[in-house]
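Architecture and fold: a report
So the chains spell out like this:
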Amino acid sequence: MGNSMFLIGMFVVLIIGLLTGHQLAFVLGGIGTIFGYIGWGPTINSIFATRVWDTMNSYSLIAIPMFVLMANFLTASGVADGLFDAVKILFGKMKGGLAIAVIIVSTIFAATTGVVGASVTTMGLLALPVLMKNNYNKELSCGTVAAGGTLGILIPPSMMLVLMGSYSTVSVGKLFSAALVPGLALSLLYIVYIVVMCHIHPDWGPGMDEAELSKYTLAMKLRNTLINLVPPMILIIAVLGSIFTGYATPTEASGVGAFAAMILCALYRKLTLKVIHNSMIDTAKTTAMCFVIVFGANAFSSAFLGMGGSAMVTNLVQGMGLSGTGVFVLMLAIAFILGCFIDWIGIVMILFPIFLPILDTYGYDRLVVVATCAVLLQTCFLTPPFGFSLFYLNGLGVPGIKLSHIYKGIIPFVAIILVVTALCIFFPNLMYGLAMAVSE
């Protein structure tokens, strides 16, 4: 009983630390260190050092800075600007056409970045002023940009998938394959929602002015499409195609992708020494942030598991009499709640060491479990009070857009994510058939 209360105390202090506004990495690391010393004494130092060493020896984690660098070069290249202009012209005449264009461009951009901050900020700057100019519903506009930009964390290549695969011992390449269908399903359902709502409420998404569209001849439309759509598609095929066909590992493909993105930046005449410097600095900051959280989470999980935390949770779950599906849903429910307060890295580091071994005993394929978690964890960017995509969007300061518009706008998109998550739980063969076949 004393040991159980000690372990429960770790989570109580964790909640207090987060609610008082302290940084996740230092809360996790501090709790792990303090409770580790109380429970184990100085021996905990060697345990921490071993866990950090094992993490840094992970070959697949090299892909994280490379994919982040690729995203930074692509953002600097302005490829999203041209993409949005090209797709906007093609769909602008439709009801809700501009919002559909946002989702399409966000999906393509997601397959070339893997970083939510870059996707949401870029699309917010590009699309929100255009949507406001064309009198689109503010809530629909904000929800579309926030949800579309958040696809960057799911559709491969994704920094989150790399870290999740490394931490769960699931092949990153297979995880990329598994995330592709749910990611495209989300994109399609977002478009369906926009079409339906703009059909019910035509004033929510009026078509673009005919006079503005008449400026573009068919030749201009084809030229815009070729110049702005083909290069990013070649990059996507080069990176994902090499992974899915087995010609390259995700780590190798990430290096190729970063180099190709730099070439693309040069072709768009945006590659300067300043761009290279800023891209390197931003990549270093993002990577450092990621690994500081990983180290802190390793300290927390080492102390928790080392003092019998896994056995305590296993006994608690078994005492609830849940089926394997029930345990899986419980894990996802906890992840959803935690997503309102902490980011995805902390959720992965806290829940995976506890629940993955339990779900192993029920015969669950880790590929399915991890990929489904990846789908759900998009909500941690969209749910108040600490959804990062909401703050990225609000921080742009677009005239007429308030935080209340953003909060209301994301509700239906979060519901769509939960629907797709449910499909992943109950119909894994439908969502992950190709990836599961490859894994066998």
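None of the values given here were measured: they were computed from a predicted structure.

Right, let's get into the overall build of the protein. Along its length, the protein carries 21 helices and zero strands. For the protein, whose C-alpha radius of gyration is 22 Å, the value lies close to the compact-globule estimate of 22 Å for 440 residues. With respect to the principal axes defined by its C-alpha atoms, the protein has extents near 75 × 45 × 45 Å. Burial analysis of the protein (440 residues in total) assigns 53% to the buried set. Considering only contacts within the protein whose residues lie at least 6 apart along the sequence, 79% involve residues at least 24 apart. Carbon and sulfur atoms make up 71% of the accessible area of the protein, which totals about 18,200 Å².

Here the focus is the packing of helix H3 (residues 43-56) against helix H14 (residues 273-306). When two helices pack together, their arrangement is captured by the angle between the axes and the distance separating the axes. One way to put it is that H3 packs onto H14 with a least axis distance of 10 Å and a crossing angle of 135 degrees. Taken together, H3 and H14 sit at an angle that is classed as oblique. The crossing of H3 and H14 is right-handed. On H14, the residues touching Ile 44, Ile 47, Phe 48, Arg 51, Val 52, Thr 55 and Met 56 of H3 are Phe 291, Val 294, Phe 295, Asn 298, Ala 299, Ser 301, Ser 302 and Ala 303.

A few words now on the confidence of the model for the protein. Scored by pLDDT, the protein comes out at a mean of 82, with 95% of its residues at no less than 70. Mean pLDDT per element in the protein: helix H11 (residues 210-213) is the minimum at 66, and helix H18 (residues 366-376) is the maximum at 93.

Glancing now at helix H4 (residues 63-77). Here H4 is 15 residues long and its end C-alpha atoms lie 21 Å apart, about the 21 Å a rise of 1.5 Å per residue gives. Summarising burial for H4: 11 of the 15 residues are buried, a large majority. The complete set of buried residues in H4 reads Ala 63, Ile 64, Phe 67, Val 68, Leu 69, Met 70, Ala 71, Asn 72, Phe 73, Leu 74 and Ser 77.

We now examine the layout of surface pockets. Here the largest pocket defines a volume of roughly 820 Å³. What lines the largest pocket is a set of 34 residues, and nearest its centre among them are Met 289, Ile 293, Asp 343, Phe 388 and Tyr 392. At the level of elements, helix H1 (2-19), helix H2 (24-40), H4, helix H7 (116-133), H14, helix H17 (344-361) and helix H19 (388-394) are the ones that each hand at least two residues to the lining of the largest pocket. Considering every element that reaches the lining of the largest pocket, the biggest residue donor is H14, with five residues. Residue composition of the lining of the largest pocket, by class: 24 nonpolar, eight polar and two charged.

Our focus in this paragraph is the packing of aromatic side chains. Per the counting criterion, the structure on display carries five aromatic pairs. Summarising the aromatic geometry, the rings of Tyr 193 and Phe 413 are spaced 5.3 Å apart at their centres and angled 80 degrees between planes, so their arrangement reads as edge-to-face. Of this pair, Tyr 193 sits in helix H10 (residues 172-200) while Phe 413 sits in helix H20 (residues 403-426), and the two are 220 residues apart along the sequence. The exposure class assigned to Phe 413 is buried, which follows from its relative accessible area of 0%. Where Phe 328 meets Tyr 364, the ring centres are 5.2 Å apart and the plane angle is 70 degrees; that geometry is what we call edge-to-face. You can see Phe 328 sitting in helix H16 (residues 324-338) and its partner Tyr 364 sitting in the loop between H17 and H18, a full 36 residues away along the chain.

This brings us to the environment of Lys 88. Locating Lys 88 in the fold gives a position in helix H5 (residues 79-91). Taking the relative accessible area as the measure of exposure, Lys 88 reaches 10% and is therefore buried. The spatial distance from the C-alpha of Lys 88 to the C-alpha of Gly 41 is 62 Å, given a sequence separation of 47 residues. When sequence neighbours within four positions are dropped, the list of residues in contact with Lys 88 reads Leu 98, Ala 101, Val 130 and Met 208.

What follows covers the side chain of Ser 254. Here Ser 254 lies in helix H13 (residues 250-267). If near-sequence neighbours (up to four positions away) are discounted, Ser 254 is found in contact with Ala 63, Met 66 and Phe 67.

With 143 residues, the main nonpolar core has Met 164 and Trp 344 as its most contacted residues. Tallying contributions element by element places H17 first for this core, with 13 residues. With near-sequence residues (within four places) excluded, Met 164 lies in contact with Leu 175, Val 348, Phe 352, Val 370, Cys 373, Ala 374 and Leu 377.

Procedures and definitions
Residues numbered from 1 in each chain as written. Predicted model: local features only at pLDDT ≥ 70, side-chain atom pairs only at ≥ 80, totals over all residues. Heavy atoms only, no water. Helix = DSSP H or I, 4+ residues; strand = E, 2+ residues; numbered from the N terminus. Rg over C-alpha atoms; globule rule 2.2 N^0.38 Å. Buried < 20%, exposed > 50% of the residue type's maximum accessible area, 1.4 Å probe, protein only. Contact = heavy atoms within 4.5 Å. Areas by Shrake-Rupley, 256 points an atom, 1.4 Å probe, with all protein chains shown as cover. Axes fitted to C-alpha atoms, helices over the stretch in contact; angles between N-to-C directions. Parallel < 35°, antiparallel > 145°, perpendicular 65-115°, else oblique. Left-handed = near helix turned anticlockwise from the far one by under 90°. pLDDT = per-residue confidence, 0-100. Expected span 1.5 Å × (residues − 1). 1 Å grid on protein atoms, 1.4 Å probe; cavity = no way out; pocket = protein on both sides within 12 Å on 5 of 7 lines; lining within 4 Å. Points joined across faces, edges and corners; volume = space filled by probe spheres on them. Nonpolar A, V, L, I, M, F, W, Y, C, P; charged D, E, K, R; others polar. Phe/Tyr/Trp six-rings, centres within 6.5 Å; stacked < 30°, edge-to-face > 60°. Core = buried A, V, L, I, M, F, W, Y, C linked by side-chain atoms within 4.5 Å.

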